[in-house]
Amino acid sequence: VYASSFHPAIQDQHFNAEEAFDGDLNTRWNSASGKVVDQWLEAYFPDDVTIDRIEVYEALNRINEYQLEFYNGTEWEELDAGTTIGEYKVISIPQT
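Described in the following lines is the structure provided in the data block.

**A short note on the packing of aromatic side chains**
Inspection of the entire model under this criterion finds two aromatic pairs. Here the aromatic rings of tyrosine 57 and tyrosine 88 are separated by 4.6 Å at their centres, their planes lie at 40°, and the arrangement is tilted. Taken as a pair, tyrosine 57 in strand 3 (residues 53-57) and tyrosine 88 in strand 6 (residues 88-92) lie far apart in primary sequence, 31 residues in all. With relative accessibility at 42%, the residue tyrosine 57 sits in the partly exposed group. The class of tyrosine 88 is partly exposed, set by a relative accessible area of 40%.

**Quick word on the pattern of salt bridges**
One pass over the structure, following the stated rule, counts three salt bridges. Note that lysine 89 is salt-bridged to aspartate 80, the shortest N-O span being 3.5 Å. Three or more residues joined by partner-sharing salt bridges are found here, namely Asp52, Arg53 and Glu55.

**A closer look at the environment of asparagine 64**
Along the chain, asparagine 64 falls in the loop between strand 3 and strand 4 (66-71). Asparagine 64 sits in the exposed class, given a relative accessible area of 57%. Along the backbone, asparagine 64 and isoleucine 85 are 21 residues apart, and their C-alpha atoms lie at a distance of 8.2 Å.

**Topic: the side chain of asparagine 30**
Relative to the helices and strands, asparagine 30 resides in the loop between strand 1 (2-3) and strand 2 (41-42). Of note is the side chain of asparagine 30, whose polar atom sits 3.5 Å from the side chain of arginine 28.

**Focus: the side chain of glutamate 58**
With respect to the helices and strands, glutamate 58 occurs in the loop between strand 3 and strand 4. Classification of glutamate 58 as buried rests on a relative accessible area of 11%. A polar side-chain atom of glutamate 58 sits 3.0 Å from the main-chain amide nitrogen of glycine 86. Setting aside residues no more than four positions away along its own chain, glutamate 58 makes contact with Ile63, Ile85, Gly86 and Glu87.

**Let's talk about the pairing of strand 5 (residues 76-82)**
The sheet contact formed by strand 4 and strand 5 spans six bridges and is antiparallel. Within strand 5, the position partnered with leucine 68 by the bridge is aspartate 80.

**Let's talk about unusual backbone geometry**
You will see that leucine 60, though not glycine, has its phi angle at about 70°, which is positive. Here leucine 60 is to be found in the loop between strand 3 and strand 4. Assessed through its relative accessible area of 58%, leucine 60 is described here as exposed.

**As for the environment of tyrosine 88**
Put simply, tyrosine 88 and alanine 59 are 29 residues apart on the chain and 9.3 Å apart in space, counted from C-alpha to C-alpha. A distance of 3.4 Å separates a polar atom in the side chain of tyrosine 88 from a polar atom in the side chain of glutamate 55.

Rules of the game
Residues numbered from 1 in each chain as written. Predicted model: local features only at pLDDT ≥ 70, side-chain atom pairs only at ≥ 80, totals over all residues. Heavy atoms only, no water. Phe/Tyr/Trp six-rings, centres within 6.5 Å; stacked < 30°, edge-to-face > 60°. Helix = DSSP H or I, 4+ residues; strand = E, 2+ residues; numbered from the N terminus. Buried < 20%, exposed > 50% of the residue type's maximum accessible area, 1.4 Å probe, protein only. Salt bridge = Lys/Arg side-chain N within 4 Å of Asp/Glu carboxyl O. Polar contact = N/O pair within 3.5 Å; in protein donor to acceptor, adjacent residues only side chain to side chain. Contact = heavy atoms within 4.5 Å. Pairing = 2+ DSSP bridges.

Right, here's the structure in full:
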């Protein structure tokens, strides 16, 4: 898991990229304080995987624009984009 930046820890909470994928709704990735553009989070799978959906939980309702992309082996393709996520969003991925 890679990220453009991360917010420093507050008390015992950390906001590293890995926490976006740990399955714990009490943890999260957060970009660095003051960073509002060009922030990204990337999940890398060394082997082929099949993903049928992406579930996004947004803390604090601060997302004002997002874009989800996937690498098709040659180039990045847009999967979904919008202006808000809300508390919870499921993005279904069509199987080819």
